[in-house]
Every structure is written in C-alpha cells, then in structure tokens.
Amino acid sequence: MKSPFSRFFGGGSKTEPIVKNEVEQAEAAHAAEEVIKLPIDQIVPNRFQPRTIFDDEKIEELSRTIHTHGVIQPIVVRKTSEYQYEIIAGERRYRAMKKLQWTEVPAIVRNLTDKETASIALIENLQREELTAIEEAVAYQKLLELHELTQEALAQRLGKGQSTVANKLRLLRLPDEVQQAILKRKISERHARALIAVKDRPLQLEILQQTLDNDWNVRQLEEQIQAILHPETDEQEEAPKKAKPKRKAISKDVRIALNTIKQSVTMVTKSGITVKTEEEDTEEYYQITVKIPKKKKL
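Each chain has its residues counted from 1, following the order in which its sequence is written. Given that the model is predicted, a residue must reach a pLDDT of at least 70 before its local features are reported, and side-chain atom pairs must reach 80 or more before they are shown or counted; all residues, however, enter totals for whole chains, interfaces and linings. The side-chain numbers reported here are obtained from all heavy atoms of the structure, hydrogens and water having been left aside.

Helix and strand labels come from DSSP, where a helix needs a run of H or I of at least four residues and a strand needs a run of E of at least two; each type is numbered from the N terminus. Across its full length, the protein holds 14 helices and 7 strands. Under the scheme applied here, a residue whose accessible area is under 20% of the maximum for its type counts as buried, over 50% as exposed, and between as partly exposed, the area being computed with a 1.4 Å probe on protein chains only. Across the 298 residues of the protein, 38% fall into the buried class. By definition in these notes, contact holds between two residues if any of their heavy atoms fall within 4.5 Å. Relative to all contacts within the protein whose residues are 6 or more apart in sequence, the contacts with residues 24 or more apart total 68%. Here, Shrake-Rupley sampling with a 1.4 Å probe gives the accessible areas, and only protein chains in the shown set may cover a residue. Here the protein displays about 18,800 Å² of accessible surface, and carbon together with sulfur accounts for 48% of that area.

The working definition used for a salt bridge is a side-chain nitrogen of Lys or Arg within 4 Å of a carboxyl oxygen of Asp or Glu. Taken as a whole, this structure holds 9 salt bridges when the rule is applied. Residue R64 is joined to E60 by a salt bridge in which the shortest nitrogen-to-oxygen separation is 3.8 Å. Here R64 and its partner E60 are both found in helix 3 (residues 56-69), 4 residues apart, which amounts to about one turn of the helix. E60 gets classed as partly exposed once you look at its relative accessible area, which sits at 31%. With a closest N to O distance of 3.4 Å, K168 and E189 form a salt bridge. With K168 in helix 8 (residues 162-170) and E189 in helix 10 (residues 189-195), the pair connects residues that are 21 residues apart, well separated along the chain. A relative accessible area of 10% means that K168 is categorised as buried. Several salt bridges share partner residues, and in doing so they unite R47, R78, E86 and D114 into one network.

Structurally, T211 is set in helix 11 (residues 201-214). You can call T211 buried: its relative accessible area is 4%. A polar atom in the side chain of T211 sits 2.8 Å from the backbone oxygen of I207. For T211, the residues in contact, after removing those within four places along its chain, are I187, H191, W216 and L221. Think of a polar contact as two N or O atoms within 3.5 Å of one another; within protein, one of them needs to be a possible hydrogen donor and the other a possible acceptor, and neighboring residues in sequence only count if both atoms come from side chains.

Along the chain, K276 falls in strand 6 (residues 276-281). Once the C-alpha coordinates of K276 and T289 are considered, the two residues, 13 residues apart in sequence, prove to be 8.1 Å apart. In this structure K276 touches T289, V290 and K291, once residues within four positions along its chain are discounted.

The next point concerns the sheet that holds strand 5 (residues 104-109). By definition, the strands of a sheet pair up through backbone hydrogen bonds, in either a parallel or an antiparallel sense. Taken in spatial order, the 5 strands line up as 1-5-3-4-2 in an open sheet, and their pairing is mixed. Of all the strands in the sheet, just strand 1 (36-39) and strand 2 (43-44) have a single pairing partner and so form its edges. Bridging between strand 3 (residues 75-81) and strand 4 (residues 84-89) involves 5 bridges; their strand directions are antiparallel. Bridging from a neighbouring strand, V77 pairs with I87 of strand 4. Any two strands with at least two DSSP-identified bridges between them are counted as paired.

Written as structure tokens, this is what we have:
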C-alpha cells in the first residue's frame, strides 16, 4: 500500500502547500479501517515524537472530556513485536486514557516503516499550535534529514516562508541551557533570537540568567545586548558636553554589572524619587555613588 504522505515526501506542487490536503486525504482513506481494542500496557509512545513536554493540566482536561464523552477518534499504532504496539498518532489521547486507568484503548493498526512513522508524527505535531519554537525547529530538522529536502522545498510543502523555517532552525545553534528555557516557556522565541547575536557562549548564559532574574522583556534584553556588544554607541548618544578621557577597557562581566545598576537606578527614578548619581572611572575601579533623599522636597 502506498504511503498517504508519499506526495509530500516525493515532491508535488512547488507553489501550493500540500500538508493540509495530504493529511485530510490520509484521514479519509483510513476512515473505514477497523477499530480494535488493545491492552494499554502493550502500547508505547512514539520514539520519533517531537513534543518533549506535555502540559499536565491539558492532559487532565482531556481526561475529563474522554471520561464524559468517550474517545471520538481512536489512536493509530503500528505493531513492533508480538506484544507491543508503538503510537503513530494520538499520544495525548493515550496519556489521557492512561490517567483514567483504562485497561484497553480503541486503536487502528497500520503497517508503516520507521521513516513513515517518524514523518507522520512530525507532520501531525507541526499542525498543532502548542509546540514550542524548539520542538518546531527539531521537527523541521528531522524532516530535512529524513527526506533529504532543502529548506526551501520543506517550506513550500509546509506552506511556510523559507525565512520562517530558517529562523526556527537557527535556534538549534543556541546552548542547551537556552533551548531548555524555551522548552519550559521561561523565555520567548524573540528572546532567544536576540541572544543569537551574542556569539560568546559563556556570555550568552550570563545574559540568559540576567534575563530570568530580572524578568526582562524582549526590548530590555535587546538594549542590554546592545550596551554590552556596542558600548561605544551608548557613549556617542550622550550629549558631548566635554571631551571624556579615554576609558580603560573593562570586562564583559563588569559591563553587565554596570548596566544592571544603571537600570535599577532608572526604575527608582521612574517611581517618583529623585536620585542623584555620581560616576568615577579610575585605573583600579569604577565607582558609582547613589544619593537617595530621605524626604521629598516640598
């Protein structure tokens, strides 16, 4: 039997996205397939599943729905041994039924290769909105490798712009710590894309920690990165009242500390308190004196 996704893998129109049509055709082709009951303890998750984090609250919500209305759509599996089946599609439903402690689940058994199983799992998940940017990037990378596609060809088949695919794939170059922060939704994709401009790995991780500690939005993060990577730009923007002596070069760590202090002073000023600061740059240290009045002037 020819794979329902063969046109996606083999080529197809170069101008029209075909993923949605192919998925719909595949579902229609298998609509009349026999649904059987399988022991839930003989079913294992898909090893090619791009989703690495499942939202427990949403699984719990799905469990309640299934408990009330039953399973509207059976899961799809393939037989991997005499007493084991691997999920092709429907892992969220499987997890929900397992939470309900069902002993048997409705399923459709299909005979698919590893390559077909991986591809279907990846495409099915790419159509969902809950994937993080990293999970989406991993799915793109796996599809590129599985079917030896170019980024342009993959983008055409997914109905996306090539720049969208390329920007997602760039995220995979970031350190694992940054990728984990995206997976756990501690930072957004835009935060991560801003960090790509920082080529030094240790500095990337320092700025990531500063972002988490200070809850910086994307604009604040971009300003911090700009100040660290191009400190001379900030100096040029200041009014040139008088020529400043050439400053001794300072380390990136010190720049981060100085920028954090200045940002804190700015936040205090915005609260309505008049703060006076004095800065002194010596050969041995950088001194910032902050004066906060005890009483507001009448």
